[in-house]
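Survey of secondary and tertiary structure
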Amino acid sequence: MLLPLSWLSDFLEDLPGAEVLSERLTMAGLEIEAISRPSEGLAKNLVVGRIAGLEKHPNADRLSLCRVDDGEGVRPVVCGARNMKAGDCVVLAKPGAVLPGGVKIKAAKLRGVRSEGMLCSAGELGLAGDEEGILVLPDDLEPGSPAFELLGLNETVLELSITPNRGDCLSIRGLAREIAAVCGLRLKPGFDCEPSFPPAEASFSVKIEDAAACPGYRGLELHGVEVKQSPLWLRNRLSAAGMRPINNVVDVTNYVLLELGQPLHAFDAGLLSGREISVRTAAETQAFVSLDESEFELLPGDIVICDAEGVVALGGVMGGARSAMNADTTSVFLEAAVFAPRAIRRTSRRLGLVTESSYRFERGVDGGGLDRALSRAAELICDLAGAEVKGAASGILPAEAAPSIRVRCGRVNAVLGIDISAGESRDILERLGLTVGAVCEDGNFTAVVPPHRHDLQREIDLIEEIARVKGYDRVPPSMPAVVMRQNSQLPGEGLGRRLRERLRNSGLHESIGFSFCSAGMNRLFPGLHRSDCDAVQLENPLRSDESYLRKSLLSSLFEAFRRNLHNGATNVDLFSLGRSFCGGDPPGEIDALAGLLWGPRRARGPGSAGAATFWDGKGVLERALLPELGAAQLEWTVCAERPEYHPRAAARLSVDGRHLGFLGAVHPLVSEHLEIPEEIVVFEVDTRVLLEYAPLERALESIPRFPASTRDVSLLVPSDMLAAEVIGQVEGLREELLEQVSVFDEYAGSGIPEGRKALAFSMVYRSGERTLTDDEVSELHGRVVAHLLSSLPVALRD
Amino acid sequence: MESALQQLEDIEQEALKGIADAEDAESLDRVRVEFLGKKGRLTRVLRGLAAVPAQDRPQIGQRVNEAKERLARAVDARKSAIREREREARLSGPQLDISLPGFGQPCGAIHVLSRTMAEICDILGGFGFCIAEGPDIEDEYHNFEALNIPEDHPARDMQDTFFVHGGRVLRTHTSPVQIRVMESLQPPLQIIARGSVYRHDDDVTHSPMFHQVEGLMVDEGVTFSHLKGVLTAFLQRIFERELPVRFRPSYFPFTEPSAEVDIGCVMCDGSGKADGVCRICKGSGWLEILGCGMVDPAVFAHVGYDSEKYTGFAFGLGVERIAMLKHRIGDIRLFYGSDLRFLKQF
Ligand SMILES: [Zn+2]
């Protein structure tokens, strides 16, 4: 809402400066978003000029050379516009003027002809309006007189952000009333005088078929209207308030809307059919052409204004084309009505048609203002368009009982935590226009709300008003007494922090991506949800490739990966902790952890230095997850059936037989599809499972007293055999003295037969009671190796 | 005897020369063994005493022992000299390039939003608030109606909403978590609801997804004054300074009275000036930081709390906003870009 201060001072005495006003209004809940002040660079050097002569520019077809009388003399000005003629009064920016866009006017030669200034258009002066060409002023002005004030450019305008509960502040008069109350200013005499409604016979009848949709309707018929441009003062005010001037009648309806907050609509009375206006809700789906010639489809429930032929306006939103004002209009039917906020909002939102009128009706228009608005409009139209009032029309008028609210002084203080007397509370509400009763002995009193404050319904609403006007800064801050209770910390909180810490220590960077993704990404990455579940689709996505919620965190990680590739990253190690989604009732949400590793790294464990391997991912996951699982172990099984993972290089993770997630190299088709390199390792884990385990409380294991002996064995095994099978066989022996068996090398290639690979194991032997002899260990180791050779298709590697 | 002494003298001179010529510990040891060893030349002189007249033997033996002692001292001295020279050589080698990078696992990073979220939760946790969570995909009842935002109410314009096929919405705030907690617990309670929230909005200053932390305290005797106390203390802790805090009236459907909270601008210290007009606060000296208020009785009615007995306050803050101010991050989109050049900085 734009508030020109000169307009505000029509209603208020002794207005303080913009700064002071802005500070006080902000602290009273009327937030000031910006203050726009008159431009100093423009104040000087902007005068009325009269075109004394006009000819074509000798060297340019599209330019004119004007001789402009500036009151002191005639100067040459080159101009590109074509809408002026000799004798016109125009706005002349003399050299030295600075236009709102920052352009400084200088005397210069244009195509070889000297030009001493510029003729301005409305847009160049920062005024609303998009007419082509320069601004042509009324021709009774004196050349050389200052144009700055004439055009209203000396206006200071506050931009307010009005909260949705304060429909009463969407007008200059409403703001004046509010500002008077919260700043302690005086309203001008006559502010509350009842308007003198022009006397007229009823010339239209009004039939309201749905009183809930339209509790009140008034009309005035005006004849002898001459449609023309509005005078400058009116156009200036509309411009300053951000509205584009159109013609005198439409401008007056907009002026009254801004000034009083009551939307008006002007029909061409000659185009209305019959003498009855009916207000109803549309009974069936029908077409409607608005006054700007756009076509809309109306649905049952939309409020419509009809004449004998049908719909002439979409009530409270926009007028129709059939009865629209035009240049030939001579009689006008002015409508002032109140419509049900919710119905207006439904219609306006469905049609995407938010107008100044619908915006105000949604937020509640005071039904008591119909006559004030109509008489003000009639007065202005009669004055500016030479019209006279010919007839009136009237439907049901609102007769709302104002609510009477009991205010308990004790309650006010109990909510706010201050000590404010009943008398002070009462005074504050009275300043706000409430009718307050005397304070009873118990400190309570009643207050009756004026019709414009329909947001005040309950005691708590009045408590807020008391606090707001008293000033929030008058409430001292204090700390509540907190009952210490057992700390019921969210279990996921600690888990998330520990996982982040460990993954960070493993060199991964946390990425947070949007929950949105494309249908294609959801097909590539089905995530941890049931394989048959649908993705969650948005009805109103911002972009077509963000129209689903991700089924897998991997969708987000691959987007992040691609962006980093594009930025030239050579190493991308990322993880993300977040939610993934699937359809259902209720929809499924999984708290998951996912990671992505790509790019060269130092060798760790089996495998050569270079690209990220399955085992890099395995190391990261073990370090992150094992400490969460207590005594339980991660179980790894070959996973060959997931579409996003390489069928020969992926594993399914579980714990105690419960599915946890996946780890593996990415399937080559994924890389092809996303046009990214191969050799990416990713994982995704359902962290909810981890919450069922608690980190192990460790008890000390005794430190061995006797030395261990280590023996190695290198085996040739089938290429597909897992080291875990060999280790399983060894462990199956349950040799008491065999402390540990581990794999330390894997090798295939030169020297190894086709279809085989070499695996090297290390066995640690130890007794808790004595030092084992060499012979004992050799004998034991021989038995273990012999068992392997006899139970598995393996051979010793020479 | 003369010849024996002469011989001894010659051997000693030869040995001293050998010692002096020894350039390293090894050659010195060879000289030591040659002259002083069990089969060394001086020992041989002693063995050769048999050929010396008996009365001369003690004198020669004494001279041999004296020579042995002198040579042993010379060897020791030479040994120290050699060791010293070698140490000198080792110490005067080239300067180690101490500026080369250290070895080891390069560290990753925890996202600045996660860190900020944790800081916020830790401070509020210290005030006695417990964390609660709820679903991202909400029903309209919990996201709107129960929070006193009826359908067709203009307050819905304050929160542009993503709708999901099948009648649900992506939560526009974490307030529905408060409703869910109040539906299952009786007062007193003190919780913070945190998580991702979504608004149908995308420009330089708005992100369609962002993170919120909301606090709720309900008990007998909770007042607006307490709300001011808790939030002032929180803001001074999170920004680690005694910054000015102001509460100004505003409107939220689920609180009454409602307030917006501003802090003194962290860039210009509230002066409004930093290289001309401060860009962060646009010259006002204040930054809007969070919204709050006393829980509206209509919300209590929805969860069956007696609003005559209990009062409560609620507040909601954007984690991105706080992270941006604390770390001077100018563009909200950086949080979600996953650019390693950004992530590595925190
Ligand atoms: Zn600042």
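Residues numbered from 1 in each chain as written. Chains lettered and ligands numbered in written order. Predicted model: local features only at pLDDT ≥ 70, side-chain atom pairs only at ≥ 80, totals over all residues. Heavy atoms only, no water.

Turning to the overall build of chain B, a few remarks are in order. Secondary structure assignment for chain B yields 11 helices and 10 strands. Taken over the C-alpha trace, chain B has a radius of gyration of 44 Å; the compact-globule value for 346 residues is 20 Å, which it surpasses by more than 25%. Taking the principal axes of its C-alpha atoms as reference, chain B extends roughly 135 × 50 × 45 Å. Of all 346 residues assigned to chain B, the portion counted as buried reaches 54%. Taking contacts inside chain B between residues at least 6 apart in sequence as the whole, the part at least 24 apart equals 67%. Accessible area of chain B: about 15,900 Å², with a carbon and sulfur share of 51%. When the 41 positive and 52 negative side-chain charges of chain B are each reduced to one mean point, those points stand 13 Å apart. (Helix = DSSP H or I, 4+ residues; strand = E, 2+ residues; numbered from the N terminus. Rg over C-alpha atoms; globule rule 2.2 N^0.38 Å. Buried < 20%, exposed > 50% of the residue type's maximum accessible area, 1.4 Å probe, protein only. Contact = heavy atoms within 4.5 Å. Areas by Shrake-Rupley, 256 points an atom, 1.4 Å probe, with all protein chains shown as cover. Lys, Arg positive; Asp, Glu negative; His and termini not counted. Charge placed at Lys NZ, Arg CZ, Asp CG, Glu CD.)

With a probe scaled to a water molecule rolled over the atoms, the places where space remains empty come into view. One pass over the structure, following the stated rule, counts 5 cavities of 30 Å³ or more. Taken as a whole, the largest cavity holds about 110 Å³ of empty space. Residue lining of the largest cavity: 14 residues in total, with A:G29, A:T163, A:N165, A:R166 and A:R468 positioned closest to the centre. Residues belonging to the lining of the largest cavity are distributed by class as follows: 5 nonpolar, 5 polar and 4 charged. For the second largest cavity, the full set of lining residues is A:R411, A:V415, A:I460, B:E256, B:M294, B:V295, B:P297, B:F300, B:S307, B:Y310, B:T311 and B:G312. (1 Å grid on protein atoms, 1.4 Å probe; cavity = no way out; pocket = protein on both sides within 12 Å on 5 of 7 lines; lining within 4 Å. Points joined across faces, edges and corners; volume = space filled by probe spheres on them. Nonpolar A, V, L, I, M, F, W, Y, C, P; charged D, E, K, R; others polar.)

Summing up the model confidence of chain A, the mean pLDDT is 91 and the portion of residues at 70 or higher is 97%. In the model of chain A, helix 3 (residues 40-43) of chain A stands out as the element of lowest mean pLDDT, 75, in contrast to strand 26 (residues 509-510) of chain A, which has the highest, 98. (pLDDT = per-residue confidence, 0-100.)

Along the chain, B:D296 turns up in the loop between strand 9 (286-295) and helix 9 (297-303). Judged by relative accessible area, B:D296 falls into the buried class, the value being 1%. The contact partners of B:D296, leaving out residues within four places of it in the chain, are A:R458, B:N148, B:P253, B:F254, B:T255 and B:E256.

Contact with chain A, which involves 86 residues of that partner, is made by 92 residues of chain B. Summed over both partners, the interface of chain A with chain B buries about 7,500 Å², with 54% contributed by carbon and sulfur atoms. At the boundary of chain A and chain B, one finds 12 salt bridges. Scanning the region where chain A abuts chain B turns up 43 residue pairs in polar contact (both at pLDDT 80 or more). Elements with a minimum of two residues in the side of chain A that touches chain B: helix 2 (18-26), helix 7 (341-351), helix 10 (409-416), helix 12 (459-470), helix 13 (491-505), strand 26, helix 15 (553-566) and strand 29 (572-582) of chain A. With 6 residues, the top contributor of residues to the side of chain A that touches chain B is helix 13 of chain A. Broken down by class, the residue content of the side of chain A that touches chain B amounts to 34 nonpolar, 22 polar and 30 charged. (Buried area = accessible area lost by both parts, 1.4 Å probe. Salt bridge = Lys/Arg side-chain N within 4 Å of Asp/Glu carboxyl O. Polar contact = N/O pair within 3.5 Å; in protein donor to acceptor, adjacent residues only side chain to side chain.)

Right, let's get into the coordination of the zinc ion. Residues and elements named next belong to chain B. Protein coordination of the zinc ion is provided by C265 (SG), C268 (SG), C278 (SG) and C281 (SG), with donor distances spanning 2.2 to 2.3 Å. One can describe the site at the zinc ion as tetrahedral: its 4 donor atoms subtend angles covering 104 to 115° at the metal. The sequence pattern describing where the donors of the zinc ion fall on their chain is C-x2-C-x9-C-x2-C. Here C278 lies in the loop between strand 8 (255-264) and strand 9 and C268 lies in the loop between strand 8 and strand 9, a separation of 10 residues in the sequence. Exposure class is identical for C268 and C278. Each is buried. (Donors = N, O, S within 2.8 Å, 3.2 Å for Na, K, Ca; no water. Tetrahedral: all angles 85-135°; square planar, octahedral: opposite > 155°, others 65-115°.)

Per the domain assignment, the segments of chain B are domain 1 (2-91) and domain 2 (112-343). For domain 1 of chain B and domain 2 of chain B, the distance between their C-alpha centroids amounts to 93 Å. (Domains from an automatic or database assignment.)

Scanning all chains against the criterion turns up 0 disulfides over all chains. Looking at the unpaired A:C517, the closest cysteine sulfur is the one in A:C533, lying at 12 Å. Residue A:C517 is classed as buried on the basis of its relative accessible area, which comes to 6%. Free cysteine: B:C121, not disulfide-bonded; nearest cysteine sulfur from B:C130 at 11 Å. (Disulfide = S-S within 2.5 Å.)

On to unusual backbone geometry. Cis rather than trans, the peptide bond between A:D585 and A:P586 has omega equal to -5°. Position of A:P586 relative to the elements: it lies in the loop between strand 29 and strand 30 (588-598). Here B:N148, not a glycine, exhibits a phi torsion of approximately 70°, which is positive. For B:N148, a relative accessible area of 25% gives the class partly exposed. The backbone of B:D275 shows a phi angle near 60°, a positive value even though the residue is not glycine. You can see B:D275 is positioned in the loop between strand 8 and strand 9. Take B:D275: its relative accessible area is 85%, and that puts it in the exposed class.

On to the sheet that holds strand 7 (residues 245-252) of chain B, then. Sheet architecture is open: 7 strands sit in the order 1-5-6-10-9-8-7 (chain B), paired in mixed fashion. Bordering the open sheet on either side are strand 1 (130-132) and strand 7 of chain B, each of which pairs with just one other strand. Recorded for the sheet is a direction-independent mean angle of 25° between the axes of neighbouring strands. Sheet analysis places strand 7 of chain B next to strand 8 of chain B, joined by 7 bridges and oriented antiparallel. By the bridge assignment, B:F247 is partnered in strand 8 of chain B with B:V261. Along the sheet face, helix 12 of chain A touches strand 7 and strand 8 of chain B and points at about 30° away from the line of strand 8 of chain B. Each of strand 1, strand 5 (189-198), strand 6 (209-219) and strand 10 (311-318) of chain B touches helix 5 (residues 112-126) of chain B; the most contacted strand, strand 6 of chain B, lies at about 5° to it. (Pairing = 2+ DSSP bridges. Axes fitted to C-alpha atoms, helices over the stretch in contact; angles between N-to-C directions.)

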